[in-house]
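# A closer look at the structure
The primary structure of each chain is shown beneath.
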Amino acid sequence: DVKVTQSSRYLVKRTGEKVFLECVQDMDHENMFWYRQDPGLGLRLIYFSYDVKMKEKGDIPEGYSVSREKKERFSLILESASTNQTSMYLCASSQNPGQATGGDTQYFGPGTRLTVL
Amino acid sequence: AQSVTQLGSHVSVSEGALVLLRCNYSSSVPPYLFWYVQYPNQGLQLLLKYTSAATLVKGINGFEAEFKKSETSFHLTKPSAHMSDAAEYFCAVSRAVSGSRLTFGEGTQLTVNP
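Remember, it's a predicted structure, so these values are computed and weren't measured experimentally.

## Section: the sheet that holds strand S1 (residues 4-6) of chain A
Residue and element names in this part refer to chain A. Pairing is antiparallel across the open sheet formed by four strands, whose spatial order is S1-S3-S8-S7. One side of each edge strand has no neighbouring strand; the edge strands of this open sheet are S1 and strand S7 (64-70). Taken pair by pair, the neighbouring strands of this sheet meet at an average axis angle of 20°, ignoring direction. Across six bridges, the pairing between strand S3 (residues 19-25) and strand S8 (residues 73-78) is antiparallel. Its bridge partner lying in S8, Cys-23 is registered against Phe-74.

Now the structure itself:
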């Protein structure tokens, strides 16, 4: 079975802190994704990566950055946390490489609930 | 741009009743369509997906969905609800040209009453 793990289930930070959210997948997947989930808004894509050291902006990248130094690990960084970044953050991975495949399944981690005070 | 709309943020059914969760999509090219489920305090899990093969797609836990191009719909159904089906359900769409990117609907919270 595919396993996607996230470093913390719950996290509380203060405004202005630098926050790192870590995600690791164990199935050698090419693609990795970061979403945030808010009530009534569904999941919105923040950043994604098709390969090591490669990243692309999603729909709501402002205030976030990412790092993918190794294939299995994809980190989300909040450079200076703000209260409007309080949310559930979900990481996902999928197998098929490149941009030509639209039907591959994304596998999700359990999520990190971040509260910024 | 592609998008999905889920009609009804909350749906409540009795145990044993039909479950119908509605999803309509918008896409300028043939879409790939997904239904995911999220149980409390967990990540999302794939229920089923449509990838241009059979229009009636069967998934896990007795769920199925039918792709109807003329109605731009991909509604999720289950003949008989079980208490364990209580969860949040998300419809999502992707296109071949966008790679693996998914666009999610707002979600529908399903409550099953005894």
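## Some points on the interface of chain A and chain B
Chain A puts 31 residues into the contact, and the matching count from chain B is 25 residues. Summed over both sides, the interface of chain A with chain B buries roughly 1,900 Å², with 47% coming from carbon and sulfur. Remark: the boundary between chain A and chain B carries one salt bridge. Notably, a salt bridge pairs Arg-101 of chain B with Asp-59 of chain A, separated by 2.9 Å at the nearest N-O pair. Seen at the junction of chain A and chain B, the total is five residue pairs in polar contact (both at pLDDT 80 or more). Mapped by element, the contributors of at least two residues to the side of chain A that touches chain B are strand S4 (31-38), strand S5 (42-49) and strand S9 (87-94) of chain A. Residues of the side of chain A that touches chain B, tallied by class, amount to twelve nonpolar, 15 polar and four charged.

## With respect to the state of the cysteines
In protein chemistry, a disulfide is the covalent bond that joins the sulfur atoms of two cysteines. One pass over the full model with this rule turns up two disulfides over all chains. One disulfide in the model links Cys-23 of chain A with Cys-91 of chain A; its S-S distance is 1.9 Å. Negative torsions about the S-S bond denote left-handed disulfides, and the value of about -80° found for Cys-23 of chain A with Cys-91 of chain A makes this one left-handed. Of this pair, Cys-23 of chain A sits in strand S3 while Cys-91 of chain A sits in strand S9, and the two are 68 residues apart along the sequence. There is no split in this pair, since Cys-23 of chain A and Cys-91 of chain A are both buried. Put simply, Cys-23 of chain B and Cys-91 of chain B are joined by a disulfide, and their sulfur atoms are 2.0 Å apart. Handedness here is read from the sign of the S-S torsion; for Cys-23 of chain B and Cys-91 of chain B, about -65°, the answer is left-handed. Linking Cys-23 of chain B in strand S3 (residues 19-26) with Cys-91 of chain B in strand S9 (residues 87-94), this pair joins segments that are 68 residues apart in sequence.

## Focus on the layout of surface pockets
Empty space within the largest pocket amounts to approximately 430 Å³. Along the wall of the largest pocket there are 23 residues; nearest its centre are Gln-37 and Arg-113 of chain A together with Gln-38, Glu-88 and Gln-109 of chain B. If you list the elements that add at least two residues to the lining of the largest pocket, you get S4 and S9 of chain A together with S9 of chain B. Per element, the largest residue contribution to the lining of the largest pocket is three residues, and it comes from S9 of chain B. Val-4, Phe-108, Gly-109 and Pro-110 of chain A together with Val-37, Tyr-39, Gln-42, Gly-43, Leu-44 and Gln-45 of chain B together form the lining of the second largest pocket.

## Re the nonpolar core
One finds Trp-35, Leu-48, Phe-74, Leu-76 and Tyr-89 of chain B to be the most contacted residues of the largest nonpolar core, which totals 27 residues. Of all the elements in the fold, those that place two or more residues in this core are strand S2 (10-14), S3, strand S4 (32-38), strand S5 (44-50), strand S7 (64-68), strand S8 (73-78), S9 and strand S11 (108-113) of chain B. Counting 20 residues, the second largest nonpolar core, distinct from the first, contains Val-19, Val-66, Phe-74 and Leu-78 of chain A.

## Let's talk about the pairing of S5 of chain A
Residue and element names in this part refer to chain A. With seven of eight residues buried, S5 is to be regarded as a mostly interior element. Of the pairings in the sheet, the one linking S4 to S5 comprises seven bridges and is antiparallel in character. When the sheet's bridge partners are listed, Tyr-35 is paired in S5 with Leu-45. What sits between S4 and S5 in their antiparallel hairpin is a turn of three residues, with Gly-40 showing a positive phi close to 80°. Direction of pairing for S5 relative to strand S6 (residues 56-57): antiparallel, over a ladder of two bridges. Looking across to S6, one finds that Phe-48 is bridged to Glu-56.

Rules of the game
Residues numbered from 1 in each chain as written. Chains lettered and ligands numbered in written order. Predicted model: local features only at pLDDT ≥ 70, side-chain atom pairs only at ≥ 80, totals over all residues. Heavy atoms only, no water. Pairing = 2+ DSSP bridges. Helix = DSSP H or I, 4+ residues; strand = E, 2+ residues; numbered from the N terminus. Axes fitted to C-alpha atoms, helices over the stretch in contact; angles between N-to-C directions. Contact = heavy atoms within 4.5 Å. Buried area = accessible area lost by both parts, 1.4 Å probe. Salt bridge = Lys/Arg side-chain N within 4 Å of Asp/Glu carboxyl O. Polar contact = N/O pair within 3.5 Å; in protein donor to acceptor, adjacent residues only side chain to side chain. Nonpolar A, V, L, I, M, F, W, Y, C, P; charged D, E, K, R; others polar. Disulfide = S-S within 2.5 Å. Buried < 20%, exposed > 50% of the residue type's maximum accessible area, 1.4 Å probe, protein only. 1 Å grid on protein atoms, 1.4 Å probe; cavity = no way out; pocket = protein on both sides within 12 Å on 5 of 7 lines; lining within 4 Å. Points joined across faces, edges and corners; volume = space filled by probe spheres on them. Core = buried A, V, L, I, M, F, W, Y, C linked by side-chain atoms within 4.5 Å.

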